[in-house]
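What follows is each chain in one-letter form.
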Amino acid sequence: MRAVVQNDKNRAGRGRRVLGCGVAALACSALLSSCAGSSDAARPAPGHGGPVRVLSPQDRQAAEHARLVAAARRWGLAGVPLTPPPPPREKPEITARAGFEVTHQEDWGLPPVFTTIPTKQKIVFLTIDDGSEKDPKFLRMMQDLKVPYTAFLSNYLVKDDYGYFRKMQSYGHTLNNHTLHHPYLPGLSYEEQKDEICGMQDIMKKQFGRRPTVFRPPYGNYNQDTLRAAKACGIRYAPIWNEEVYVDHWEYREDDQKMRRGDIVLTHFRGRSDWNGTMVDDMRRFLDKVTREGYAVARLEDYL
């Protein structure tokens, strides 16, 4: 009889333990549900949450300025690059610079060679030639600072890494024609010049999706055949430059050694193998000078 009673007590004890575990499990479940409910309340589902604060234009402008201040500091600039004005609604008329025309420039409708864009805005245009140096820090710097530029590419220097320039293009920078092999064009026949320019047009279309309408003759040298060939290849403009910036100095076309509104500035894809510095050093020199003199950097193609 005692054994039966003892067994009943044992079964009752096991029942109480099972019940206790069940209660504990239910309590844990309730607690977890409560926590989950709190979490969901803190992160409402899209479309079911409370009001979302919309930043005012002034707040967005202040936030972007703060970001640019930090970026300028990070890249070692003396100040934040100035913001260019909006592109003009009406494009300026682009003609050949006086003294830079060729015979039949106007009546044959040849692409004009020019060094400056007609504008009253205090802006300059940054252009970078050839494609030898492919510095990833340069891409990051210019993207961080939101500085526009135009690249003029020669195939023999870019063909080892088209991807670098595709990335550049994806950031909104324009890629233009600088011939296949960077020759002295006036020393070639018309057909040879056409092969250099049209051949690069084909490469640009295949690798970057479009044939440019802008072309820079290597070294800034050209003749009538150059512009005839360029036109036959679909080129409308042939900008050269008014200033050239190096990692350690500037050079000027004008005798007064000054920048002007709308000037086109040239530099190159070069690094320590050619210069005493990097492309980041080169851009620091360029940006510090134009900002100090009150110029913003605008996008060349917005004015063509």
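Rules used in this analysis
Residues numbered from 1 in each chain as written. Predicted model: local features only at pLDDT ≥ 70, side-chain atom pairs only at ≥ 80, totals over all residues. Heavy atoms only, no water. Helix = DSSP H or I, 4+ residues; strand = E, 2+ residues; numbered from the N terminus. Expected span 1.5 Å × (residues − 1). Buried < 20%, exposed > 50% of the residue type's maximum accessible area, 1.4 Å probe, protein only. Arc of directions from axis to C-beta. Contact = heavy atoms within 4.5 Å. Disulfide = S-S within 2.5 Å. Core = buried A, V, L, I, M, F, W, Y, C linked by side-chain atoms within 4.5 Å. pLDDT = per-residue confidence, 0-100. Salt bridge = Lys/Arg side-chain N within 4 Å of Asp/Glu carboxyl O. Polar contact = N/O pair within 3.5 Å; in protein donor to acceptor, adjacent residues only side chain to side chain. Pairing = 2+ DSSP bridges. Right-handed = clockwise from strand over helix to strand, strands pointing away.

Q: Any chance you could break down helix α2 (residues 57–74) for me, citing the residues and the numbers?
A: Between the first and last C-alpha of α2 there are 26 Å, a value that for 18 residues agrees with the 26 Å anticipated at 1.5 Å per step. Within α2 the residues assigned to the buried category are L68, A71 and A72. For α2, the angular spread of buried residues about the axis comes to 95°, placing them on one side. Every exposed residue of α2 that faces more than 90 degrees away from the buried side is listed here: Q58, R73 and R74. In this structure, the buried residues of α2 make contact with α3 (136–145). Looking at the residues trailing α2, positive phi occurs at G76, about 75°.

Q: Just give me the short version of the state of the cysteines, but keep the residues and values in it.
A: Across all of its chains, the model carries one disulfide by this definition. One disulfide bridge connects C198 with C233, the sulfur atoms lying 1.8 Å from each other. A torsion of -100° about the S-S bond marks the disulfide between C198 and C233 as left-handed. Of the two residues, C198 sits in helix α6 (residues 190–208) while C233 sits in the loop between α7 (224–232) and β5 (238–239), which places them 35 residues apart along the sequence. In this structure, C198 and C233 share a single accessibility class: buried.

Q: Got a sec to walk through the nonpolar core? Specific residues and values, please.
A: F138, L145, L153, F165, M168, F269 and F286 are the most contacted members of the largest nonpolar core, which has 41 residues in total. A total of six residues in this core trace back to one element, the largest contributor, which is helix α8 (residues 279–292). Those residues in contact with F269 that lie beyond four places of it in its chain are I128, D129, D130, G131, S132, E133, F138, A151, L153, F165, M168 and M279. Counting residues in hydrophobic clusters, the runner-up holds 33 residues, among them I123, Y190, I235 and I264.

Q: Give me the confidence of the model for the protein: which residues, what numbers.
A: Chain-level pLDDT for the protein is 87 on average; 83% of the residues reach the 70-or-more range. Throughout residues 1–47 the model reports pLDDT below 50, and contacts reaching past four residues in sequence, or to other chains, amount to two contacts.

Q: Run through the pattern of salt bridges, naming residues and quoting values.
A: One pass over the full model with this rule turns up 13 salt bridges. Across the pair K134 and D160 runs a salt bridge, and its minimum N-O distance is 3.2 Å. Linking K134 in the loop between β2 (123–130) and α3 with D160 in the loop between α4 (155–158) and α5 (162–170), this pair joins segments that are 26 residues apart in sequence. Across the salt bridge formed by R299 and D302, the nearest N and O atoms sit 2.8 Å from each other. The structure contains a network of salt bridges with shared partners spanning R272, D281 and R284.

Q: Hey, could you go over the side chain of T267 for me, with residue numbers and the actual values?
A: Inspection of the secondary structure assignment puts T267 in strand β8 (residues 263–268). A polar contact of 2.9 Å, which involves the side chain of T267, links it to the backbone oxygen of V245. What T267 contacts, discounting residues up to four positions off in sequence, is L126, T127, I128, D129, V245, W275, D282 and M283.

Q: Pulling in residues and values, what's your account of the pairing of β2?
A: Counting buried positions over the eight residues of β2 gives eight, a clear majority of the element. In terms of strand pairing, β2 meets strand β9 (residues 296–298) through three bridges, oriented parallel. Bridge pairing in β9 places F125 opposite A298. Of the strand pairs in this sheet, β2 and β8 are connected by six bridges, and their pairing is parallel. Each bridged residue has a counterpart across the sheet, and for L126 the counterpart in β8 is V265. Taken together, the four bridges between β2 and strand β3 (residues 150–153) define a ladder with parallel strand orientation. Bridging across to β3, T127 finds its partner in T150. Regarding topology, α3 serves as the crossover connection from β2 to the parallel β3, and that connection is right-handed.

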